[in-house]
Amino acid sequence: MKTTLLIAASALALSACGQDGPRTIAKLTCPTTEGDLTRVSVSADGKTCAYRSSDGAEVTLELVAVKGDVNATLDAIEKELRSTPGPLSLEAKQTQAEVGALVADAQAAKARLGSVAAEVARVQAEAAADAGVTVRAGGMGVGTVDTEDGEVTRVDLPGIHINTRGEEANVRVGPIHVDANDDDTTVRMFRDVRLRGQALSREKRGVRATFIYTGKDLPSGYRYVGYEAGGPKTGPITVAKVKSKVDTESGDNIYHDVQDLVRRNGGV
């Protein structure tokens, strides 16, 4: 019995690792409704469908060919959205909540690390005096500096990098990047994933990505634009473009709905 189970397991592993290539689709699956989203149109070729939420958010689901590589393709979509009000994100509120929790953890770590060895504090004070600035706290990649331009806080911990200066903040938490200032906020997430049906594959042939932008320069009263994308790196990838004239908090109403549409079609 043990031998039979081992042979079966080995065959399954070899089958998964030896799959010919990522699953691809020619047409989108666009249900009439998906949670709070209601379908308003489907293109004749089945590669585009449009949805609207109860609070007016507009979602366009598209099957997009990869040109060059997946990063270049996503960069082009981001550029399009930034220049013309196009669709936005689904991971908006969840991503912000995750980042907020991690930032809180980092701040707690900063508080704990504030009590450092006297010798370290002395060396930092001497270095600060030479540079003409005042240093508070420090050690283990955590510290706050007072400069002529205002207070600067820096946190560098494994997987967490936070830099703030006045109204500006740059946060790096794993694959999530957040850049914010007084005028706008940009959130990006990009990670390699295994495609559906390839859980045992050593190679991650799929990708998931999120882009969110909120800024004062958005026209026509839009509050945020962005996308959620997923699929095989070689394409085609499924991209949900979202645009909304309501606050990003409302994005939580459709987040899971849009994500479900992308995952169902992208196979991630």
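Residue numbers here run from 1 along each chain, matching the order of that chain's written sequence. Residue-level local features of this predicted model are given only where pLDDT is at least 70; pairs of side-chain atoms are given and counted only at 80 or more, and the full residue set underlies all totals for whole chains, interfaces and linings. The side-chain quantities take in all heavy atoms of the structure and omit both hydrogens and water.

## As for the pattern of salt bridges
By salt bridge we mean one thing: a side-chain nitrogen of Lys or Arg within 4 Å of a carboxyl oxygen of Asp or Glu. For the structure shown, the criterion picks out ten salt bridges. The shortest N-O distance in the salt bridge between Lys241 and Glu62 comes to 3.4 Å. Linking Lys241 in strand β14 (residues 237-244) with Glu62 in strand β4 (residues 58-64), this pair joins segments that are 179 residues apart in sequence. As a salt-bridge pair, Glu203 and Arg205 come within 3.5 Å of each other at their nearest N and O atoms. With a 1.4 Å probe rolled over the protein chains alone, any residue whose accessible area is under 20% of its type maximum counts as buried; one over 50% counts as exposed, and the rest are partly exposed. With relative accessibility at 47%, the residue Glu203 sits in the partly exposed group. A residue is classified by how much of its surface remains accessible, and Arg205, at 17% relative accessible area, is buried. One connected set of salt bridges, linked through shared partners, spans Arg52, Glu58 and Lys243. Under the DSSP-based scheme used, a helix requires at least four consecutive residues in state H or I and a strand at least two consecutive residues in state E, with every element numbered from the N terminus.

## Examining the nonpolar core
Membership of the largest hydrophobic core comes to 17 residues, with the highest contact counts inside it found for Leu28, Leu37, Tyr51, Val59, Leu61, Ile254 and Val258. Secondary-structure elements contributing two or more residues to this core are β3 (48-53), β4, β14 and α5 (252-266). Of all the elements, α5 adds the most residues to this core, at four residues. Listed in part, the 16 residues of the second largest apolar core include Leu74, Ile77, Leu218 and Val239. Put simply, a nonpolar core is a bunch of buried Ala, Val, Leu, Ile, Met, Phe, Trp, Tyr and Cys residues held in one set by side-chain atoms that sit within 4.5 Å of each other.

## Points about the packing of aromatic side chains
Between two aromatic rings, the relevant description is the distance of the centres plus the angle of the planes. Note on aromatic pairs: the rings of Phe, Tyr and Trp (six-membered ring only in Trp) are paired at centre separations within 6.5 Å, and the planes decide the class, stacked below 30 degrees, edge-to-face beyond 60, tilted for the rest. In total, this model carries one aromatic pair according to the counting rule given. Here Phe211 and Tyr227 contribute two aromatic rings whose centre-to-centre distance is 5.7 Å and whose plane-to-plane angle is 35°, an arrangement assigned as tilted. With Phe211 in strand β12 (residues 206-215) and Tyr227 in strand β13 (residues 224-232), this residue pair connects regions lying 16 residues apart in the sequence. Judged on exposure class, the residue Phe211 and its partner Tyr227 are both buried. In this scheme, the term charge over a ring applies when either NZ of a lysine or CZ of an arginine sits within 6 Å of the ring centre and within 35 degrees of the ring normal. We note Lys245 situated over the ring of Tyr222; from NZ or CZ to the ring centre the distance is 5.1 Å.

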